[in-house]
Amino acid sequence: MPLSSVLQAFKSKVRKKLAVRKVRVGLVGAGRMGQFHAQLLSRNPDAEFIGIVDQDASRCKALAKKTRTQTFSQASDLLGQVEAIVVAVPTAAHFTVGKLFLEAGVHCLIEKPLSATLEEAEALIRLADQHKCVLQVGHIERFNPAVMEAARFIREPRFIEVNRLGPFDPRVAGVGVVMDLMIHDLDIVLFLVGEEVTRVEAFGAKVLSDHEDIAKVRLHFANGCIADLSASRISLKKYRFIRIFQKDAYLSLDYAKPNLRIYRKKGPTIRGLSDVEILRPKLSKKEPLVLELEHFLDCVREGKTPLVSGKHGRDALQLAREVLNHLKIHD
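Would you mind showing me how to read the overall build of the protein chain here?
On a plain count of helices and strands, the protein chain comes out with nine helices and 15 strands. The globule rule puts the C-alpha radius of gyration for 331 residues at 20 Å, and the 20 Å found for the protein chain is close to it. With the C-alpha coordinates aligned to their principal axes, the bounding extent of the protein chain is approximately 65 × 55 × 40 Å. Burial statistics for the protein chain: of 331 residues in total, 52% are counted as buried. In the protein chain, the share of contacts with a sequence separation of at least 24, taken over all contacts with a separation of at least 6, comes to 68%. Per element, the accessible surface of the protein chain, about 16500 Å² overall, is 51% carbon and sulfur. Averaged over its 51 positive side-chain charges, the protein chain has a centre that lies 7 Å from the centre of its 39 negative ones.

Sorry, what's going on with the packing of aromatic side chains here?
Two numbers describe a pair of aromatic rings. These are the distance of the centres and the angle of the planes. Overall, the coordinates contain four aromatic pairs when judged by the stated rule. With a centroid separation of 6.0 Å and 50° between ring planes, the pair formed by Phe159 and Phe245 is classed as tilted. Pair noted here: Phe159 is in strand E7 (residues 159-165) and Phe245 is in strand E11 (residues 239-245), with a separation of 86 residues, a long-range link. Looking at Phe245, the relative accessible area reads 31%, which means it is partly exposed. Members of the aromatic cluster, each reached through a chain of ring pairs, are Phe159, Phe245, Tyr250 and Tyr263. Note that Arg164 overlies the ring of Tyr255, its terminal NZ or CZ placed 4.7 Å from the centroid.

How should I be thinking about the nonpolar core in this particular structure?
Proteins that are soluble and globular tend to have nonpolar side chains buried together. Val28, Leu78, Ile85, Phe101, Ile160, Leu219 and Ile242 are the most contacted members of the largest nonpolar core, which totals 79 residues. In this structure Ile242 touches Ile160, Glu161, Val162, Ile188, Leu192, Leu251, Ser252, Leu253 and Tyr255, once residues within four positions along its chain are discounted.

I tried to follow the sheet that holds strand E13 (residues 259-265) on my own but got confused; where do I start?
Think of a sheet as strands paired side by side through backbone hydrogen bonds, with each pair either parallel or antiparallel. As summarised here, the arrangement of the nine strands in space is E14-E13-E12-E11-E7-E10-E9-E8-E15, forming an open sheet in which the pairing is mixed. Looking at strand neighbours, the two that pair on one side only are strand E14 (276-279) and strand E15 (327-330), the edges of this open sheet. Ignoring which end each strand starts from, the neighbouring axes of this sheet average 10° apart. Alignment of strand E12 (residues 249-254) against E13, held across six bridges, turns out to be antiparallel. In the sheet register, Leu251 faces E13, and the bridge partner there is Ile262. On the sheet, helix H7 (residues 177-193) packs against E7, strand E8 (197-205), strand E9 (214-221), strand E10 (226-232) and E11 and is oriented at approximately 20° with respect to E9. Along the sheet, helix H9 (residues 310-326) makes contact with E8, E9 and E15, crossing E8 at roughly 55°.

Looking at this structure, how should I read the packing of helix H2 (residues 32-43) against helix H3 (residues 57-66)?
Helix-helix packing: each pair is described by the crossing angle between the helix axes and the interaxial distance. Interaxial distance between H2 and H3 falls to 10 Å at its minimum, and their mutual angle equals 25°. As the angle between them shows, H2 and H3 are arranged roughly parallel. The interaxial crossing formed by H2 with H3 has right-handed handedness. Residues Gly34, Gln35, Ala38 and Gln39 of H2 form the contact with H3, whose own contacting residues are Arg59, Leu63 and Lys66. Grouping the constituent residues of the contact of H2 with H3 by class yields two nonpolar, three polar and two charged.

Would you mind showing me how to read a nonpolar patch on the surface here?
A cluster of nonpolar side chains, namely Val207, Leu208 and Ile234, defines an oily patch on the protein surface of about 250 Å² accessible area. Look at Val207 and you get partly exposed, because its relative accessible area is 48%.

Thresholds applied
Residues numbered from 1 in each chain as written. Predicted model: local features only at pLDDT ≥ 70, side-chain atom pairs only at ≥ 80, totals over all residues. Heavy atoms only, no water. Helix = DSSP H or I, 4+ residues; strand = E, 2+ residues; numbered from the N terminus. Rg over C-alpha atoms; globule rule 2.2 N^0.38 Å. Buried < 20%, exposed > 50% of the residue type's maximum accessible area, 1.4 Å probe, protein only. Contact = heavy atoms within 4.5 Å. Areas by Shrake-Rupley, 256 points an atom, 1.4 Å probe, with all protein chains shown as cover. Lys, Arg positive; Asp, Glu negative; His and termini not counted. Charge placed at Lys NZ, Arg CZ, Asp CG, Glu CD. Phe/Tyr/Trp six-rings, centres within 6.5 Å; stacked < 30°, edge-to-face > 60°. Lys NZ or Arg CZ within 6 Å of the ring centre and 35° of its normal. Core = buried A, V, L, I, M, F, W, Y, C linked by side-chain atoms within 4.5 Å. Pairing = 2+ DSSP bridges. Axes fitted to C-alpha atoms, helices over the stretch in contact; angles between N-to-C directions. Parallel < 35°, antiparallel > 145°, perpendicular 65-115°, else oblique. Left-handed = near helix turned anticlockwise from the far one by under 90°. Nonpolar A, V, L, I, M, F, W, Y, C, P; charged D, E, K, R; others polar. Patch = residues over 30% accessible without salt bridge, like charges linked within 9 Å, V, L, I, M, F, W, Y side chains within 5 Å. Salt bridge = Lys/Arg side-chain N within 4 Å of Asp/Glu carboxyl O.

Okay, here's the thing in C-alpha cells:
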C-alpha cells in the first residue's frame, strides 16, 4: 500500500452511535505494558474485557480489581472464553503463549518484539495464516499520530536520521538497547522506505549493563536511501526525534509530544525562506496505544489485515538481529 494511502486506510469510518459488536478479549501479562493494556481495554466500549492471567497472583488480582474484570490461573483457562488476546508477557514466552491461542483460533496482539527468534516468528505467522487469525505486533510507534500523518507526505526519502534516547530501566537490563528501544525505529524506517536493506554498519558500547546501552547504526537501502539511527538508555531525559530528507521536502517529527513539521519547496528554485512552505499538520490527540488497540479490535471484527502484521514484526526482528550480528562493541 502506498504510504500516502496508509493514513486514509487507517482512519476508520466516522463512528455513528450504532450498536457495534463487542470483541471478547483477554490479557496475558500484568506487568508494565499489561497494566496499560488492561486500563484501556476496561474503558473501551467496543471490548468486553473478560479477564487477566499472570504468574504473579497478587499483582494479577490487584490489576483485575482496578480494571473491573476477573483473574484466571493460567492462559489455557481463557480458551473458549475469548476471541482475541493481548500478549504482554516477557519476550521469551511470546511464542508459547501465542501458539496456544493461535492454534485455538484466537486472534492475537503480541507485544514487540514478536518473538525471541526468527524461527518462532515464522511459526507464529504460519499458525495465524493456517487458522485465519489476526496477528498484530505491538510496534506502538506506527500508531503515533505524527508518524501516521507524516506517511502522507513521504516521497522516496533519501536520508533519515533517528535519535531515541532515554534513562536506564533496570527492568529491561536483560536485553540491549537495540532490542529494547531501537527496534521501534527499525520498524519505522522499513515502513517509510519500503525497500530492502543491503548493508548494515553498527557500533555500540556497554556502560550500565552487560549488553549494549548505546548503539549507532547506519542502514543502506536498495534504492540508495541511508538511515542513521542512534539509541541510548544512558540519557537523563527522553529525546525521540526522526528527521526525513527527500528531494522536495524535509520532515521533522517529535515522537514524544507528538509534533510534526514539514518544510517543503514551493518551486524548483530556492532563493530564500519565502520559497519554503512550512506545514504544521493538526494531529490526533489520541494516545498511540489507544489507536493500536482500537485498530486491533476493528481488524478482529472485520477480518482485516493489521497495519503492523506478523510479517512486519518478523522483518523488524530480522533487521534487529542483523544489527546485533554487525554490532562492534567498544569496551
